[in-house]
Amino acid sequence: MARMPPHPHTDLAALDAERWRMALSLTAAAMIVYFGFILLVAFGKPFLARIIVPGLSVGIAMGTLVIVSSWFLIWVYVRWANGHYDEAVSRLRQGADGRSLGEGGPSA
């Protein structure tokens with residue numbers, strides 16, 4: 001019996017699940033960094049007040065790292081989206097039989 005090509009909606013559902021996993025993973029990472037810092041601000045003031053060099057405390061350095069980590073997480077998402085997600089969406093748009101998924105649909 002000939003094997004049927006995968007249904008485009010199955011591939012779309014798998015891609016959607018992958019996108020959600022990536023979004024939830026990056027959101028969780030951002031929240032851990034941010035709320036970890038906020039908890040340190042609330043409960044670790046003596047630690048954050050330590051001076052690393054004159055004019056730079058641990059709190060200022062860690063606050064800067066929170067911002068830099070958010071830029072890094074954005075960079076990770078953009079790399080993933082441009083390198084994987086956009087290509088997968090393009091393949092799905094072409095469809096297994098060469099027609100576009102948007103043809104004939106309500107949003108076309």
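Remember, it's a predicted structure, so these values are computed and weren't measured experimentally. (Residues numbered from 1 in each chain as written. Predicted model: local features only at pLDDT ≥ 70, side-chain atom pairs only at ≥ 80, totals over all residues. Heavy atoms only, no water.)

Draft legend 1. Main features of the overall build of the protein. In terms of regular secondary structure, the protein is built from three helices and two strands. Ordered by position in the sequence, the α and β elements of the protein form the string α-α-β-β-α. Expressed as a percentage of the 108 residues in the protein, the buried residues total 18%. Pairs at least 24 apart in sequence give 54% of the contacts found in the protein among residues at least 6 apart. As presented, the protein carries roughly 8,300 Å² of accessible surface, and 69% of it is formed by carbon and sulfur atoms. (Helix = DSSP H or I, 4+ residues; strand = E, 2+ residues; numbered from the N terminus. Buried < 20%, exposed > 50% of the residue type's maximum accessible area, 1.4 Å probe, protein only. Contact = heavy atoms within 4.5 Å. Areas by Shrake-Rupley, 256 points an atom, 1.4 Å probe, with all protein chains shown as cover.)

Draft legend 2. Structural detail: the confidence of the model for the protein. When pLDDT is averaged along the protein, the result is 84, and 81% of the positions lie at 70 or above. Taken together, the stretch residues 104-108 has pLDDT below 50 and engages in one contact with residues farther than four places along the chain or on a different chain. (pLDDT = per-residue confidence, 0-100.)

Draft legend 3. A look at the nonpolar core. Ranked by size, the top nonpolar core spans five residues in total: M22, L26, L73, W80 and A81. Excluding its chain neighbours within four sequence positions, the residues that come into contact with M22 are Y77 and W80. (Core = buried A, V, L, I, M, F, W, Y, C linked by side-chain atoms within 4.5 Å.)

Draft legend 4. Local environment of the packing of aromatic side chains. As enumerated under the stated definition, the model contains four aromatic pairs in all. When the centroid spacing of 5.9 Å and the interplanar angle of 40° are considered together, the rings of Y77 and W80 count as tilted. Within this pair, Y77 and its partner W80 are both found in helix α3 (residues 58-94), separated by three residues, close to a single helical turn. Ring pairs connect the aromatic residues Y77, W80 and Y85, which therefore count as one cluster. (Phe/Tyr/Trp six-rings, centres within 6.5 Å; stacked < 30°, edge-to-face > 60°.)

Draft legend 5. Just a nonpolar patch on the surface, in detail. Together, L65, I67, V68, W71, I74, Y77 and V78 give the surface a local cluster of nonpolar side chains, amounting to about 680 Å² of exposed area. Position of L65 among the secondary structure elements: in helix α3. (Patch = residues over 30% accessible without salt bridge, like charges linked within 9 Å, V, L, I, M, F, W, Y side chains within 5 Å. Salt bridge = Lys/Arg side-chain N within 4 Å of Asp/Glu carboxyl O.)

Draft legend 6. Structural context of the pattern of salt bridges. Within the structure shown, the criterion is met by one salt bridge. Note that R19 and D16 form a salt bridge whose closest N and O atoms lie 2.8 Å from each other. In this pair, R19 and D16 both sit in helix α1 (residues 8-43), three residues apart, roughly one turn of the helix.

Draft legend 7. Region of the structure containing the environment of A88. The residue A88 is located in helix α3 in this model. Using a relative accessible area of 8% as the deciding quantity, one classes A88 as buried. Residues A88 and D11, 77 residues apart in the sequence, show an inter-C-alpha distance of 9.1 Å.

Draft legend 8. Representation of the environment of L26. Here L26 shows up in helix α1. Taking relative accessible area as the criterion, L26 reaches 15% and is therefore assigned buried. As a C-alpha pair, L26 and L73 span 47 residues in sequence and 6.5 Å in three-dimensional space. Discounting residues that sit within four places of it in the chain, L26 has contacts with L73, V76 and Y77.

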